[in-house]
Amino acid sequence: MGSKSILIKGGQVIDPSRDSSQVKDILIEDGVVKEVSNSISSSAEIVIEAKGKIVMPGLVDMHVHLREPGREDKETVLSGTQAALSGGVTSVLAMANTDPATDSVEHLAVLNKIIRQTAVADVFVAAAMTKAREGWEITDFSALRKRGAIAVSDDGSSVDDPVVMKKILKAAKKENLLVICHCEDISLSRGGSVNLGFTSTRLGLRGISRESEYQRVARDIELAKEIGARIHIAHVSCRESVEIIAKAKKEGVAVTAETAPHYFVLTDQATRSFDTNMKMNPPLRSAEDVESIRLGLSDGTIDVIASDHAPHTANEKDIEFDRAAFGVIGLETELAVAITELVHSGALSWLDLAKKLSYNPAKIIGIDKGTLRVGASADIIVVSPDQQWLVAKENFRSKSKNSCFLNKKLKGAVEYTIYRGQLVYQR
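Residues numbered from 1 in each chain as written. Predicted model: local features only at pLDDT ≥ 70, side-chain atom pairs only at ≥ 80, totals over all residues. Heavy atoms only, no water.

## A look at unusual backbone geometry
Logical step 1: Here the bond from Glu-68 into Pro-69 is cis, since omega is 5 degrees, no more than 30 degrees from zero.
Logical step 2: By the secondary structure assignment, Pro-69 is in the loop between β6 (59–64) and α1 (77–86).
Logical step 3: The residue Asn-176 is not glycine, and still its phi comes out positive at about 55 degrees.
Logical step 4: Inspection of the secondary structure puts Asn-176 in the loop between α4 (162–175) and β10 (178–181).
Logical step 5: For Asn-176, a relative accessible area of 45% corresponds to the partly exposed category.
Logical step 6: Of note, Arg-420 is a non-glycine position whose phi angle comes to about 50 degrees, a positive value.
Logical step 7: Its location among the elements puts Arg-420 in the loop between β17 (409–419) and β18 (422–426).
Logical step 8: Judged by its relative accessible area of 45%, Arg-420 falls in the partly exposed class. (Helix = DSSP H or I, 4+ residues; strand = E, 2+ residues; numbered from the N terminus. Buried < 20%, exposed > 50% of the residue type's maximum accessible area, 1.4 Å probe, protein only.)

Encoded structure:
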């Protein structure tokens, strides 16, 4: 079945690959961008009037937990990619902490088959760095790369042994694989459930110190510098991490970094209600940390906004705070939270936002996405910048409902998602 031709008329077209933001028309034919110009008169089978709307590349979310295989009760590749499309996300990078972990070509083959058969958006795979993500025996990077893995990560766990970490960085450099680091020293964080500080004391819960994150950020960057390898720091949450990354970038280290919406919006005050949807790892930090994350986004220290979409069932969340699972969903809210908190506040321009959510992650993981140039795959979203909507459980397409933004009013709604030239979502 051929895709229908689509004409998007009169939208504010944001192309982060060209630093361009102009009112334009876009013609889509045969799954690709056919023409971008001031006025296109040719007839198309579908016409979208986009006056007053933002037109930008589909988002590339480089940090997503799809839970399949192993925990299909939380999410599947199908439900996760359906959720993605409604949030304007057309490409995701799936993390390796499935059950079993994506730590061998056999396990990767199983996941690739599921993706081929069920995914409704592009799913790329980050394989595990070590067997069973236990931090000891490194996986076969060469074989995993040949079967399509584009990055390696033990996300959810950090590699404690610096000797093993060096081996990982050397092997990844040789295979040109991106290393994505979950930076957490569990000798400092174990048993904690909220940010260490006044709030943890007040709640009577064990705290997770900022040191547990930033000391490991510093170590991993130092090792990458020594080896000359590329490294990407996941879910940055605190001021010191931002400072360490900024310094490394100035020194020419090949380091990139991401944060998630909850880290530039919410503080540890949100945990005072014992709402387990406010429990994530790393935890929500102080107001000062939130300010540092926002500054890191606006000055370019933090390259990417990713959801760290971590679905959990109700019975894993509706229990005592210290026993509840870490993590929140985010595929369907990340764009609107970023528009509400960063664009409407003047912290980022639309162009900056399109870079953080689309062009930069595509560039970092090495896929040809995040662009509206002629000939590119037509992954495009049309967004109403001021449209207000309420985050409600019943509207989620994700199987899980554990959002830290429930009952919040957000500005910025995805009106249309076009994936490979097909209109796949309409509000």
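That covers the picture; the talk isn't over yet.
## Observations concerning the packing of aromatic side chains
Logical step 1: Taken as a whole and judged by the stated rule, the model has 1 aromatic pair.
Logical step 2: Between Phe-274 and Phe-321 the ring centres are 6.4 Å apart and the planes differ by 80 degrees, which places this aromatic pair in the edge-to-face class. Here Phe-274, found in the loop between α9 (261–265) and α10 (287–298), pairs with Phe-321, found in the loop between α11 (314–317) and α12 (334–343); they are 47 residues apart in sequence, far enough to count as distant.
Logical step 3: Here Phe-274 falls in the partly exposed class, since its relative accessible area comes to 40%. (Phe/Tyr/Trp six-rings, centres within 6.5 Å; stacked < 30°, edge-to-face > 60°.)

## Side note on the pattern of salt bridges
Any two side chains of opposite charge can pair, given that their charged atoms come close.
Logical step 1: Enumeration according to the criterion identifies 26 salt bridges in this entry.
Logical step 2: In this structure, Arg-210 engages Glu-240 in a salt bridge whose closest nitrogen and oxygen atoms are separated by 2.7 Å. Highlighted residues: Arg-210 in the loop between β12 (207–208) and α7 (211–227) and Glu-240 in helix α8 (residues 239–250), separated in sequence by 30 residues.
Logical step 3: Of the charged contacts, one joins Glu-320 and Arg-323 as a salt bridge, the two residues approaching to 2.6 Å between their closest N and O atoms.
Logical step 4: When its relative accessible area of 43% is taken as the criterion, Glu-320 is described as partly exposed. (Salt bridge = Lys/Arg side-chain N within 4 Å of Asp/Glu carboxyl O.)

## Quick notes on the pairing of strand β3 (residues 32–37)
Logical step 1: With 5 bridges joining them, strand β2 (residues 20–29) and β3 adopt antiparallel strand pairing. Considered in β3, the bridge of Leu-27 is made with Glu-35.
Logical step 2: Hairpin connection between β2 and β3: a loop of 2 residues separates the two successive antiparallel strands, and Asp-30 in this loop has a positive phi of roughly 50 degrees. (Pairing = 2+ DSSP bridges.)

## Examining the pairing of strand β5 (residues 54–57)
Logical step 1: Where strand β1 (residues 6–15) meets β5, 2 bridges bridge the pair, whose relative direction is parallel. Opposite Val-13, over in β5, you have Val-55 as the bridge partner.
Logical step 2: Summarising the sheet, β5 and strand β16 (residues 380–390) pair through 4 bridges and their orientation is antiparallel. Residue pairing for β16: Ile-54 is matched across the bridge by Val-383.

## What about the sheet that holds β10?
Backbone hydrogen bonds hold the strands of a sheet together, and the pairing may be parallel or antiparallel.
Logical step 1: Pairing within the open sheet is parallel, and its 8 strands lie in the order β6-β7-β8-β9-β10-β13-β14-β15. Every other strand in the sheet has two partners, leaving β6 and β15 (304–305) as the edge strands with one partner each.
Logical step 2: By the bridge criterion, 4 bridges tie strand β7 (residues 89–94) to strand β8 (residues 122–127) in an arrangement that is parallel. When the bridges of β8 are listed, Leu-93 appears paired with Phe-124.
Logical step 3: Those strands touched by α8 are β13 (231–233) and β14 (255–259), and its axis lies near 150 degrees from that of β14. (Contact = heavy atoms within 4.5 Å. Axes fitted to C-alpha atoms, helices over the stretch in contact; angles between N-to-C directions.)

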